[in-house]
Amino acid sequence: MSSSSSTIRMVSSLTTSINLKDPLLLRGKFLSRHRESLEVIDPSATLGEIEDGTAVIALVEAMDRNDAKEAIETSSKALNKWKFHTTALERSKMLSRLSMLITENAHDIARIMTLESGKPLKESLAEVGYGTSFIDFYAAEAMRSNSAGGGYLYPSPFSSIDGSPRGKIMAIQEAVGVTAMITPWNFPIAMITRKLAPALAAGCTVVLKPSELTPLTAIAVKELANRAGIPDEVFQLIISNKEQTPSVGEEFCANPIVKKISFTGSTAVGKLLMKQSSHTVKRLSLELGGNAPFIVFEDADVEQAVHAAMASKFRNAGQTCVCADRFIIHQDIEQEFLHALHQKVQNIHVGKGLDEKTTMGPLILGSAASSIKEKVDEALEKGAECVIGGNLLTHLGPNFFEPTILRNVNTSCRIWCEETFGPVIAISTFIHEEQAIELANDTSSGLASYFCSKDAARMFRVAERLENGIVGINEGIISTANAPFGGVKESGLGREGSPSGLAEYLETKYVFLNP
């Protein structure tokens with residue numbers, strides 16, 4: 001195994017302006033106890049690099065439940081000053097400075113993100129811009145009447161003795177309080193800023209646990225937040241290893257100081273957090289798993305549909321919660337769609353994210369690649385046809401899988417029924433519109449859905465019928481800070497982005513004033 005000093009040299013060679021030479025968190029009074037080191041692994045490493053230890057890109061000090069408890073208590077002590085003794089303008093300016101600093105360091109952060117997540121460098125750079133868009137949006141929202149300190153007046157229904165209105169009915173928006181956040185590895189910066197920015201704008205304090213697989217991007221954001229003037233105790237990080245993560249999550253849920261939890265991750269973990277939070281009746285925002293349908297109707301522009309399909313499916317090697325998984329194609333255009341799609345898929349260049357030729361990187365773990373292989377093999381055994389791909393790319397590393405197209409997929413297969421989280425297009429065909437809608441809705445998840453059509457009446461009709469929180473029509477990537485993001489059914493609770501995302505961190509207090 002490589003030494004601490006050698007891994008630190010590897011990280012420091014990535015950046016000159018962000019100090020990650022000593023990647024320890026909260027290095028002050030909290031960290032007096034002996035700690036274990038968390039290894040950060042390059043997902044694009046070869047088997048040889050994994051075996052000789054050079055796949056380790058950094059060592060980060062692992063934290064535990066006691067650290068989480070202390071951070072929550074510190075956050076509580078800082079809340080009063082942040083909530084009541086900073087103005088909306090001050091909080092807005094700090095967020096704007098943070099956005100500026102991230103933008104100035106975009107290339108450094110993108111390289112760190114690519115090394116720890118595996119995604120192509122171009123995608124990492126795009127994610128940095130996507131991440132700052134949430135900071136910019138909520139820096140502006142902090143100043144609006146719907147933010148903390150704002151509210152509205154209603155006419156009083158009560159009468160004075162002389163018949164004139166008595167009193168004023170006021171609704172005032174206030175910060176929820178101490179918030180705890182758990183973010184995933186697939187978007188290491190955007191999932192942080194999408195939660196952090198509205199919370200800080202509203203006047204909440206934040207304790208945030210990023211994924212143990214991608215902690216370095218979070219450390220970079222925290223470093224820049226400090227530079228932007230955001231007090232250290234207002235935004236704190238808890239980085240734990242896989243073994244400590246469940247107990248840290250339990251502390252977030254059980255601690256009565258925490259008033260709000262925001263989580264992005266699997267449905268199973270989301271359900272557990274709901275259960276654990278029930279005893280303290282916390283506010284919850286849950287962005288959970290998806291299994292997005294992608295319908296192509298017979299009147300669709302096939303070229304446009306293929307473009308949307310490629311964008312939705314293969315970004316981050318298919319490891320996004322809004323990825324199209326189940327492709328429902330009208331039988332009259334299946335062959336035309338398949339031919340055009342095959343041409344695009346065969347041009348995907350799979351490799352290390354830092355290689356400028358790479359357009360698709362590895363999966364995050366070898367176990368993820370192996371699971372996808374099992375699902376593909378099951379589909380083939382049940383009659384599916386592999387148009388392209390279908391295999392592990394072990395010569396590149398244990399985490400790599402071929403971009404894959406399967407047609408004639410049995411809808412009872414796991415590749416159809418479960419969220420894929422990998423670069424596999426599973427195709428089934430339909431004849432009638434109603435059949436396509438039934439196939440699309442035949443799942444317990446309800447995050448995103450997509451369909452392609454030129455018929456304006458159908459666009460409104462089908463969008464209304466789809467049981468999803470997000471619908472893309474003739475487009476494969478539709479997420480933006482300006483729009484509400486979230487699911488229905490077992491895909492979660494609440495919304496992120498848009499003014500709705502700010503409302504998740506606000507309580508409405510009713511005040512009756514009789515002067």
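Residues numbered from 1 in each chain as written. Predicted model: local features only at pLDDT ≥ 70, side-chain atom pairs only at ≥ 80, totals over all residues. Heavy atoms only, no water.

Enquirer: Help me understand the sheet that holds strand β10 (residues 292-296), please; the structure alone is not making it clear to me.
Expert: The strands making up a sheet associate through backbone hydrogen bonding, with each pair oriented either parallel or antiparallel. With mixed pairing, the seven strands of this open sheet are ordered in space as β12-β13-β14-β11-β10-β15-β16. Of all strands in the sheet, those bounded by a partner on one side alone are β12 (385-388) and β16 (470-473). In this sheet, adjacent strand axes meet at a mean angle of 25° when their direction is disregarded. Together, β12, β13 (404-407) and β14 (424-430) form the strand contacts of helix α13 (residues 366-381), whose direction differs from that of β13 by roughly 25°. (Pairing = 2+ DSSP bridges. Helix = DSSP H or I, 4+ residues; strand = E, 2+ residues; numbered from the N terminus. Axes fitted to C-alpha atoms, helices over the stretch in contact; angles between N-to-C directions. Contact = heavy atoms within 4.5 Å.)

Enquirer: Where do I start with the layout of surface pockets in this structure?
Expert: Unfilled space is identified by rolling a water-sized probe across the atoms. Taken as a whole, the second largest pocket encloses approximately 330 Å³ of empty space. Glu123, His307, Met310, Ala311, Phe314, Arg315, Lys344, Asn347, Ile348, Thr359, Met360 and Ile477 are the residues that line the second largest pocket. Examining the composition of the lining of the second largest pocket, we find that four residues originate from one element, helix α11 (residues 302-314), more than from any other. Class assignment for the residues of the lining of the second largest pocket results in six nonpolar, three polar and three charged. (1 Å grid on protein atoms, 1.4 Å probe; cavity = no way out; pocket = protein on both sides within 12 Å on 5 of 7 lines; lining within 4 Å. Points joined across faces, edges and corners; volume = space filled by probe spheres on them. Nonpolar A, V, L, I, M, F, W, Y, C, P; charged D, E, K, R; others polar.)

Enquirer: Even after reading the chapter, I still don't get the nonpolar core, so can you show me in this structure?
Expert: Nonpolar side chains in soluble globular proteins tend to be buried together. Residues Phe294, Ile295, Phe327, Phe337 and Leu341 are the most contacted members of the largest nonpolar core, which totals 62 residues. Membership of the second largest hydrophobic core comes to 51 residues, among which are Met94, Leu101, Ala175 and Val206. (Core = buried A, V, L, I, M, F, W, Y, C linked by side-chain atoms within 4.5 Å. Buried < 20%, exposed > 50% of the residue type's maximum accessible area, 1.4 Å probe, protein only.)

Enquirer: Explanation requested: unusual backbone geometry in the structure shown.
Expert: The phi angle of most residues is negative, glycine excepted, and most peptide bonds adopt the trans form. A positive phi is found at Asn474, a non-glycine position, where the angle reads about 60°. Note that Asn474 resides in the loop between β16 and β17 (492-493). One non-glycine residue, Lys489, lies in positive phi territory at about 55°. Note on placement: Lys489 falls in the loop between β16 and β17.

Enquirer: Explanation requested: α13 in the structure shown.
Expert: Along an α-helix, residues three or four positions apart point the same way, because every turn accommodates 3.6 residues. A rise of 1.5 Å per residue sets the reference length of α13, with its 16 residues, at 22 Å; its end C-alpha atoms lie 23 Å apart and thus fit the reference within 8%. The elements touched by buried residues of α13 are β13, α14 (414-417) and β14. Downstream of α13 by a residue or two, Gly383 has a phi angle that is positive, lying close to 105°. (Expected span 1.5 Å × (residues − 1).)

Enquirer: Quick question: what am I supposed to make of the packing of aromatic side chains here?
Expert: Scanning the model with the defined rule gives nine aromatic pairs in all. Arranged with centres 5.3 Å apart and planes meeting at 80°, the rings of Tyr152 and Tyr154 form a pair that is edge-to-face. Considering the side-chain rings of Phe158 and Phe512, the 5.4 Å spacing of their centres and the 85° angle between planes classify their relative orientation as edge-to-face. Here Phe158 is found in the loop between β3 (151-154) and β4 (168-175), whereas its partner Phe512 is found in strand β18 (residues 506-513), with 354 residues between them in sequence. The class for Phe512 is partly exposed, based on a relative accessible area of 30%. Among the aromatic residues, those joined into a cluster by ring pairs are Phe294, Phe327 and Tyr450. Positioned above the aromatic ring of Tyr505 is the side chain of Lys260, whose terminal nitrogen or guanidinium carbon lies 5.0 Å from the ring centre. Between the NZ or CZ atom of Arg458 and the centre of the ring of Phe297, over which it lies, the distance is 4.3 Å. (Phe/Tyr/Trp six-rings, centres within 6.5 Å; stacked < 30°, edge-to-face > 60°. Lys NZ or Arg CZ within 6 Å of the ring centre and 35° of its normal.)

Enquirer: Looking at this structure, I do not really get empty space enclosed by the protein. What am I missing?
Expert: One pass over the structure, following the stated rule, counts three cavities of 30 Å³ or more. In this model, the largest cavity occupies a volume close to 70 Å³. Taken together, Tyr130, Phe187, Met191, Arg194, Arg315, Thr320, Cys321, Val322, Ser479 and Phe485 make up the lining of the largest cavity. Classifying every residue of the lining of the largest cavity by side-chain character gives six nonpolar, two polar and two charged. The computed volume of the second largest cavity comes to approximately 50 Å³.

Enquirer: Is there a simple way to explain the pattern of salt bridges in this structure?
Expert: Pairing is possible between side chains that carry opposite charge, provided their charged atoms lie close to one another. Enumeration according to the criterion identifies 31 salt bridges in this entry. The partner of Glu73 in a salt bridge is Lys69, with the nearest N and O atoms 2.7 Å apart. In this pair, Glu73 and Lys69 both sit in helix α3 (residues 65-84), four residues apart, roughly one turn of the helix. Measuring nitrogen to oxygen at the nearest pair gives 2.8 Å for the salt bridge that ties Arg461 to Glu433. Of the two residues, Arg461 sits in helix α16 (residues 456-465) while Glu433 sits in helix α15 (residues 433-441), which places them 28 residues apart along the sequence. On the accessibility criterion, Arg461 (37% relative accessible area) is partly exposed. Overall, Glu433 belongs to the buried group, its relative accessible area being 17%. The network of salt bridges with common partners includes Glu298, Asp299, Glu433, Arg458 and Arg461. (Salt bridge = Lys/Arg side-chain N within 4 Å of Asp/Glu carboxyl O.)

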